[in-house]
Amino acid sequence: MRHPPSSLAVLVVVMLGAAACAPGGSAATPGIRPVSTAEQGEAPDGTTAFDDSVPAVARLDPALREALQAASTRAAEDGLTLRINSGWRSPEYQERLLQDAVAKYGSREEAARWVATPETSAHVSGDAVDVGPWDAAYWLDRYGDAFGLCRIYVNEPWHFELRPEAVTDGCPQQYLDPTEDPRMQG
Ligand SMILES: [Zn+2]
């Protein structure tokens, strides 16, 4: 079984053409996935809270970014590198993630347990980050409250938002999943 090189080359050309012709990441072209970009909020591998030239980090709420930088510095003293796997996202990028989740989970209702809409997502408003790797996420879950950084959902151990009152009061009780979050009822 060999793939003729010519057809692969055609495919690449088609994909490049689709990327160039899809302003705003329109998902309207059937059968061709639009290429996500850093401009739409995709965080390149290895992104940290200090990479403020990356839109996923640059377009976060500044207070959230500063808290993440402080926590990252502290985590580094414990030998951990806190990565930002996702931060700010464009509405188009969020919609595409939602559509992917609908395809994966079979319904919009089930997908809503995992992925918010562009209207309700705290990522789109620049108020949330998904962190990694697992050891750093665990560290932030345990020590983040000192920086006002709180895990919000039981089913998303990677998703953190700024809750400034956590510095004195500790983090609020977590929702089991986003469907319990009143903000997601929009
Ligand atoms: Zn998240």
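Everything numeric here is computed off the predicted structure, so don't read it as measured data. (Residues numbered from 1 in each chain as written. Predicted model: local features only at pLDDT ≥ 70, side-chain atom pairs only at ≥ 80, totals over all residues. Heavy atoms only, no water.)

### A word on the overall build of the chain
Turning to step 1, where the next piece is worked out: The secondary structure content of the chain amounts to seven helices and four strands.
Turning to step 2, where the next piece is worked out: The order of helices and strands in the chain, counted from the N terminus, is α-α-α-β-α-α-β-α-β-β-α.
Turning to step 3, where the next piece is worked out: Out of the 186 residues in the chain, the part that is buried amounts to 41%.
Turning to step 4, where the next piece is worked out: Of the roughly 10,400 Å² of accessible surface on the chain, 57% is carried by carbon and sulfur atoms. (Helix = DSSP H or I, 4+ residues; strand = E, 2+ residues; numbered from the N terminus. Buried < 20%, exposed > 50% of the residue type's maximum accessible area, 1.4 Å probe, protein only. Areas by Shrake-Rupley, 256 points an atom, 1.4 Å probe, with all protein chains shown as cover.)

### Digging into the state of the cysteines
Turning to step 1, where the next piece is worked out: Inspection of every chain in the model, using the stated rule, returns one disulfide.
Turning to step 2, where the next piece is worked out: Between the sulfur atoms of cysteine 150 and its disulfide partner cysteine 171 the distance amounts to 2.0 Å. Between cysteine 150 and cysteine 171, the disulfide has an S-S torsion of -90° and is therefore left-handed. One end of the pair, cysteine 150, is in strand 3 (residues 149–151); the other, cysteine 171, is in the segment after helix 7 (166–169), with 21 residues separating them in the sequence. (Disulfide = S-S within 2.5 Å.)

### Here's the deal with the pattern of salt bridges
Turning to step 1, where the next piece is worked out: A complete count under the given rule lists nine salt bridges for this structure.
Turning to step 2, where the next piece is worked out: Among the ionic pairs, arginine 89 bridges to aspartate 130, the shortest N-O distance being 3.0 Å. Here arginine 89, found in the loop between strand 1 (83–86) and helix 4 (91–105), pairs with aspartate 130, found in strand 2 (residues 128–132); they are 41 residues apart in sequence, far enough to count as distant. By the burial criterion, arginine 89 is buried, and aspartate 130 matches it.
Turning to step 3, where the next piece is worked out: One network of salt bridges, in which partners are shared, links Glu161, Arg163, Asp181 and Arg183. (Salt bridge = Lys/Arg side-chain N within 4 Å of Asp/Glu carboxyl O.)

### Examining the side chain of serine 86
Turning to step 1, where the next piece is worked out: Inspection of the secondary structure assignment puts serine 86 in strand 1.
Turning to step 2, where the next piece is worked out: Classification of serine 86 as buried rests on a relative accessible area of 6%.
Turning to step 3, where the next piece is worked out: Looking at serine 86, its side chain comes within polar contact range of the side chain of arginine 89, at 2.8 Å.
Turning to step 4, where the next piece is worked out: Once residues lying within four places of it in the same chain are set aside, the contact partners of serine 86 are Ala43, His123, Ala128, Val129 and Asp130. (Polar contact = N/O pair within 3.5 Å; in protein donor to acceptor, adjacent residues only side chain to side chain. Contact = heavy atoms within 4.5 Å.)

### Considering the environment of glutamine 40
Turning to step 1, where the next piece is worked out: Relative to the helices and strands, glutamine 40 is located in the loop between helix 1 (5–20) and helix 2 (55–58).
Turning to step 2, where the next piece is worked out: On the accessibility criterion, glutamine 40 (11% relative accessible area) is buried.
Turning to step 3, where the next piece is worked out: On a C-alpha basis, the gap between glutamine 40 and glutamate 92 in space is 7.4 Å, while along the polypeptide they are 52 residues apart.

### Focus on the layout of surface pockets
Turning to step 1, where the next piece is worked out: As a volume, the largest pocket reaches approximately 540 Å³.
Turning to step 2, where the next piece is worked out: Taken together, 27 residues make up the lining of the largest pocket; nearest its centre are Arg89, Trp114, Val115, Asp130 and Trp158.
Turning to step 3, where the next piece is worked out: Looking at the lining of the largest pocket, the elements with two or more residues in it are strand 1, helix 4 and strand 4 (159–162).
Turning to step 4, where the next piece is worked out: The dominant element in the lining of the largest pocket, judged by the number of residues it contributes, is helix 4, at seven residues.
Turning to step 5, where the next piece is worked out: Looking at side-chain class alone, the lining of the largest pocket contains 13 nonpolar, seven polar and seven charged residues. (1 Å grid on protein atoms, 1.4 Å probe; cavity = no way out; pocket = protein on both sides within 12 Å on 5 of 7 lines; lining within 4 Å. Points joined across faces, edges and corners; volume = space filled by probe spheres on them. Nonpolar A, V, L, I, M, F, W, Y, C, P; charged D, E, K, R; others polar.)

### Observations concerning the packing of aromatic side chains
Aromatic ring pairs: the centre-centre distance and the angle between the two ring planes describe each pair.
Turning to step 1, where the next piece is worked out: Counting across every chain of the model gives five aromatic pairs.
Turning to step 2, where the next piece is worked out: Where tryptophan 139 meets tyrosine 143, the ring centres are 5.3 Å apart and the plane angle is 50°; that geometry is what we call tilted. Pair noted here: tryptophan 139 and tyrosine 143 are both in helix 6 (residues 134–143), with a separation of four residues, about one helical turn.
Turning to step 3, where the next piece is worked out: When the centroid spacing of 6.2 Å and the interplanar angle of 35° are considered together, the rings of tyrosine 153 and tyrosine 175 count as tilted. With tyrosine 153 in the loop between strand 3 and strand 4 and tyrosine 175 in the segment after helix 7, this pair connects stretches of sequence that are 22 residues apart. (Phe/Tyr/Trp six-rings, centres within 6.5 Å; stacked < 30°, edge-to-face > 60°.)

### Considering the coordination of the zinc ion
Turning to step 1, where the next piece is worked out: Every protein donor of the zinc ion is listed here as His123 (NE2), Asp130 (OD) and His159 (ND1), and their distances to the metal cover 2.0 to 2.1 Å.
Turning to step 2, where the next piece is worked out: Sequence positions of the donors to the zinc ion reduce to the motif H-x6-D-x28-H. A residue pair is termed long-range when its members are at least 10 positions apart, and histidine 123 in the loop between helix 5 (108–111) and strand 2 and histidine 159 in strand 4 qualify at 36 residues.
Turning to step 3, where the next piece is worked out: On the accessibility criterion, histidine 159 (5% relative accessible area) is buried. (Donors = N, O, S within 2.8 Å, 3.2 Å for Na, K, Ca; no water.)

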